[in-house]
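# Residue-level structure breakdown
In case you want the letters, here they are:
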Amino acid sequence: MSPAQVDPRPDAEPAFSPDAHRLDLGRLGAITLVVGIALTGPLAWACGWAVVTDPDPAAKAIAGFFGLFFGGLCLLFVANFWKVTRPRGIVVDAAGIWFWHGTTWDVVRWTQAARVGLSYEMPPSLPTIGGPLAHLKAAVSGWLKDRIYGLLRITDKRGIALEIVPMREEELLELTRLKRYRAKDPAPTPGVPRLLWRVRLPGGYHSFEKLITAGERFGGHTWEGWFRRQWSGGAGRGAREAG
């Protein structure tokens, strides 16, 4: 067994440092989805009701458009509920970054990492298409985003992820249970492997503050805090698996 691979028995949860920080990704994902469903579901229903009851054809068209918009978002939240909320998470302590999936545990030790930090993307500015419908869509989309961000204390950074760049690519390949997190850095640092682990995180400030504190406490010079990565073309994508 590799020194970085932990016994996967159900009773094999490691003994962590006293100040270790645990981030339950399944629980945070559930909170995010519940809030999203609670917002988009009633909005879709209200738009559908307006389509049925409003005599104005223009109002029906606008309500129908947004009914499909909010309904599609709500269905997307529901369809991904079990995938997003499955038991999984990370623990940061003096030994390194621990991963759990159900009852299995793996660890990437600080001595095995060349760089650890929170990466994010910022979307490029896009031209706005004119017309009253486009302006209304932008206003409603902005309102919905503000409500969700306000309830969850979310940042406007996109694709936030915990990134771990290994010292040696061979160590990344040894941890086969972490294959789902493998990604390629489009602009790697010279002398550092291009393959890395990228763990997508929900956008809650309350989680990031504690995670950053733990990284600074235990990671030393390996911890880099926030840094921006290249825009991948869409928010919310999973890490691209590196073959």
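## Remarks on the overall build of the protein
Scanning the protein for helices and strands turns up six helices and nine strands. Put simply, 76% of the contacts in the protein that link residues at least 6 apart link residues at least 24 apart.

## Digging into the sheet that holds strand S9 (residues 223-228)
Judged by pairing direction, the sheet is mixed, and its five strands sit side by side in the order S7-S8-S6-S5-S9 without closing on themselves. The strands lining the two open edges of the sheet, one partner per strand, are strand S7 (182-184) and S9. Neighbour-to-neighbour, the strand axes of the sheet open up by a mean angle of 35°, direction not taken into account. In the sheet, strand S5 (residues 113-121) pairs with strand S6 (residues 158-166) via seven bridges, with the strands oriented antiparallel. Considered in S6, the bridge of Arg-115 is made with Val-165.

## Some remarks on the sheet that holds strand S1 (residues 21-24)
In spatial order, the strands read S1-S2-S3-S4; together these four strands make up an open sheet with antiparallel pairing. Looking at the sheet topology across the chains shown, the edges are occupied by S1 and strand S4 (104-109). For this sheet the average axis-to-axis angle between neighbouring strands, irrespective of direction, equals 20°. The pairing of S1 with strand S2 (residues 88-92) spans four bridges and is classified as antiparallel.

## Some details on the packing of aromatic side chains
This structure, assessed with the given rule, holds 11 aromatic pairs. A connected cluster of aromatic rings, assembled from ring pairs, spans Phe-16, Trp-98, Trp-100 and Trp-105. Its guanidinium or amino end placed over the ring of Trp-100, Arg-22 lies 5.1 Å from that ring's centre, counting from NZ or CZ. Seen from the ring of Phe-218, Arg-217 lies directly overhead, with NZ or CZ sitting 5.6 Å from the centre.

## Regarding the confidence of the model for the protein
Of all residues in the protein, 74% have pLDDT values of 70 or greater, and the mean over the chain is 78. Throughout residues 1-11 the model reports pLDDT below 50, and contacts reaching past four residues in sequence, or to other chains, amount to 24 contacts. Note on residues 234-243: pLDDT is under 50 here. Beyond four places in sequence and across chains, it has 21 contacts.

## Side note on the pattern of salt bridges
Scanning all chains against the criterion turns up eight salt bridges. The residue Asp-106 makes a salt bridge to Arg-177 at a minimum N-O spacing of 3.1 Å. Here Asp-106, found in strand S4, pairs with Arg-177, found in the loop between helix H5 (169-174) and S7; they are 71 residues apart in sequence, far enough to count as distant. The shortest N-O distance in the salt bridge between Arg-168 and Glu-170 comes to 3.4 Å.

## Description of the nonpolar core
Soluble, globular proteins show a tendency: their nonpolar side chains are buried together. Formed by 30 residues in total, the largest nonpolar core has its most connected members in Phe-99, Leu-162, Ile-164 and Leu-201. Top element by residues in this core is helix H6 (residues 205-219). It accounts for five residues. Discounting chain neighbours no more than four positions away, the residues touching Leu-201 are Leu-23, Leu-25, Leu-118, Ile-160, Ala-161, Leu-162, Phe-208 and Leu-211. In this structure, Val-91, Trp-98, Trp-105 and Val-107 belong to the second largest nonpolar core, which totals five residues.

## Here's the deal with the pairing of S2
With five of five residues buried, S2 lies mostly within the body of the structure. Going residue by residue along S2, you find Arg-88, Ile-90 and Val-92 tucked away on one face and Gly-89 and Val-91 tucked away on the opposite face as well. Taking the residues between adjacent antiparallel strands as the criterion, S2 and strand S3 (residues 96-101) are bridged by three residues.

## Examining the environment of Val-108
Within the element layout of this structure, Val-108 appears in strand S4. When the C-alpha positions of Val-108 and Ile-97 are compared, they lie 5.2 Å apart, and in sequence the two are 11 residues distant. Excluding its chain neighbours within four sequence positions, the residues that come into contact with Val-108 are Gly-96, Ile-97, Phe-99, Ile-164, Leu-175, Leu-178 and Trp-197.

## Observations concerning helix H1 (residues 25-53)
Given a rise of 1.5 Å per residue, 29 residues ought to cover 42 Å, and the 42 Å separating the end C-alpha atoms of H1 matches this to within 8%. Leu-25, Gly-26, Leu-28, Gly-29, Leu-33, Val-35, Gly-36, Leu-39, Thr-40, Ala-44 and Cys-47 are the residues of H1 that are buried. Backbone nitrogen of Gly-26 and a side-chain oxygen of the N-cap are separated by 3.2 Å at the start of H1; the cap is Asp-24.

Rules used in this analysis
- Residues numbered from 1 in each chain as written.
- Predicted model: local features only at pLDDT ≥ 70, side-chain atom pairs only at ≥ 80, totals over all residues.
- Heavy atoms only, no water.
- Helix = DSSP H or I, 4+ residues; strand = E, 2+ residues; numbered from the N terminus.
- Contact = heavy atoms within 4.5 Å.
- Pairing = 2+ DSSP bridges.
- Axes fitted to C-alpha atoms, helices over the stretch in contact; angles between N-to-C directions.
- Phe/Tyr/Trp six-rings, centres within 6.5 Å; stacked < 30°, edge-to-face > 60°.
- Lys NZ or Arg CZ within 6 Å of the ring centre and 35° of its normal.
- pLDDT = per-residue confidence, 0-100.
- Salt bridge = Lys/Arg side-chain N within 4 Å of Asp/Glu carboxyl O.
- Core = buried A, V, L, I, M, F, W, Y, C linked by side-chain atoms within 4.5 Å.
- Buried < 20%, exposed > 50% of the residue type's maximum accessible area, 1.4 Å probe, protein only.
- Expected span 1.5 Å × (residues − 1).
- Polar contact = N/O pair within 3.5 Å; in protein donor to acceptor, adjacent residues only side chain to side chain.

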